[in-house]
Amino acid sequence: PESAEPPPYPVPRPLPPLPMPVVPAMAQSVPLSSGRVPGALGAPFQALQARFVQIMERVQDGGLQQMEHIKRPHLFTASWMLDVSSHQQLLSQTLKYVPGPEVCMRVFN
């Protein structure tokens, strides 16, 4: 029987499950800039944010291992932001036709 070689990169561990507390009725809309976060997210905002960062760091590492920083450097260098001068331009022009997963990578990196 042939033995399989281990992959040339670290194999990611599964993420631990995120506890989901019971959520009260819809909270009033509160701007994030106020420093307060709405309670209707189903979990504490900080826990969701930490989980997102953990997931995106793994995606980022995978992209580096697959040499995406060479094939598609704009995902890692923020060069796509050079001509963006407002949030309106960012949303209505720059990212309008970019697939969601790529938007995540661009913004996170």
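Data block above holds the structure.
This structure is a prediction, so every number in the text was calculated from the model and none was measured.

A. Layout of the side chain of E68. Among the secondary structure elements, E68 is positioned in helix α2 (residues 68–71). Accessibility expressed as a relative area gives 17% for E68, which makes it buried. Setting aside its immediate chain neighbours within four residues, E68 contacts G63, P73 and F76.

B. Representation of the side chain of E102 in the model. Position of E102 among the secondary structure elements: in helix α5 (residues 100–108). Within the local environment of E102, its side chain forms a polar contact with the side chain of R106, the two groups lying 2.8 Å apart. If near-sequence neighbours (up to four positions away) are discounted, E102 is found in contact with R72, H74 and L75.

C. Geometry of α5. By the burial criterion, the buried members of α5 are E102, M105 and R106. Seen from one end, α5 has its buried residues packed into an arc of 95 degrees, which puts them on one side. Summarising the geometry of α5, the exposed residues directed more than 90 degrees from the buried face are P101 and V107. For α5, the elements touching its buried residues are α1 (45–65), α3 (74–77) and α4 (87–94).

So, how was this worked out
Residues numbered from 1 in each chain as written. Predicted model: local features only at pLDDT ≥ 70, side-chain atom pairs only at ≥ 80, totals over all residues. Heavy atoms only, no water. Helix = DSSP H or I, 4+ residues; strand = E, 2+ residues; numbered from the N terminus. Buried < 20%, exposed > 50% of the residue type's maximum accessible area, 1.4 Å probe, protein only. Contact = heavy atoms within 4.5 Å. Polar contact = N/O pair within 3.5 Å; in protein donor to acceptor, adjacent residues only side chain to side chain. Arc of directions from axis to C-beta.

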